[in-house]
Amino acid sequence: NERMGSLVGQLLELARTENVKPQTEELDLSRLVAGGTLAFESVAFEHGQRLNTEIKDNVTVVGDADRLAQLVSILVDNAIRHGKGGGEVLVRLTQTKNAAVLSVVNDGDPIPKETAERLFERFYRADEARSSEEKHYGLGLAIAKAIVSSHKGKLELKCHDGKVEFTATIPQKQKI
């Protein structure tokens, strides 16, 4: 019952993210990312990883604070769960001329192209052997993509030099 309730909750969250216009305000994304990352320090430690940050101060966006906090949570949790023990998870927030750029990088094996193309699909799990007892059903990255899309941004995956990097680019001045 608990697993089913968790799955239904995640499906409802995905539907809400895709179909409900977010409540937006100008917010300090730097503070939001720093706070969201701090909550995962003990989780990273338990997985034998270092959690480091490079967060530029005063990066602001017009967006939904709750959904953007959820985005940070999904990406950091994903990086820790799929990163190599003894490795590092780096959360970086930078700013370009017109956008905030959030990158979450972990040490990990390259993701094959055919897998990478499907990672943002609902229920897709690259490692089918992972137990659903962890309450992970292959919806996190689909929700993350929906959050970024609802903010008129893009979410990308890159693998390089033994690292796996998810990058969310969120325009700073847009009407959602």
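Computed from a prediction, not measured in an experiment: that's the story for all the values here.

A look at the environment of G162
Here is step 1 of the chain: With respect to the helices, strands and loops of the structure, G162 is situated in the loop between strand 6 (154-160) and strand 7 (163-171).
Here is step 2 of the chain: Distance in space between the C-alpha atoms of G162 and N106 is 8.6 Å, their sequence separation being 56 residues.

Remarks on the pattern of salt bridges
Here is step 1 of the chain: Tallied over the entire structure, the rule returns 6 salt bridges.
Here is step 2 of the chain: Between R92 and E54 there is a salt bridge, and its shortest N-O distance comes to 3.2 Å. One end of the pair, R92, is in strand 4 (residues 88-95); the other, E54, is in strand 2 (residues 50-55), and 38 residues separate them in sequence.
Here is step 3 of the chain: Residue E54 is classed as partly exposed on the basis of its relative accessible area, which comes to 42%.
Here is step 4 of the chain: In this structure, the salt-bridge partner of K84 is D109, at a minimum N-O distance of 3.2 Å. With a gap of 25 residues between them, K84 in the loop between helix 4 (65-82) and strand 4 and D109 in the loop between strand 5 (99-107) and helix 5 (113-116) connect regions that are remote in the sequence.
Here is step 5 of the chain: By relative accessible area, which is 43% here, K84 ends up partly exposed.
Here is step 6 of the chain: Salt bridges sharing partners connect three or more residues here, namely E54, R92 and E165.

What counts, and at which threshold
- Residues numbered from 1 in each chain as written.
- Predicted model: local features only at pLDDT ≥ 70, side-chain atom pairs only at ≥ 80, totals over all residues.
- Heavy atoms only, no water.
- Helix = DSSP H or I, 4+ residues; strand = E, 2+ residues; numbered from the N terminus.
- Salt bridge = Lys/Arg side-chain N within 4 Å of Asp/Glu carboxyl O.
- Buried < 20%, exposed > 50% of the residue type's maximum accessible area, 1.4 Å probe, protein only.

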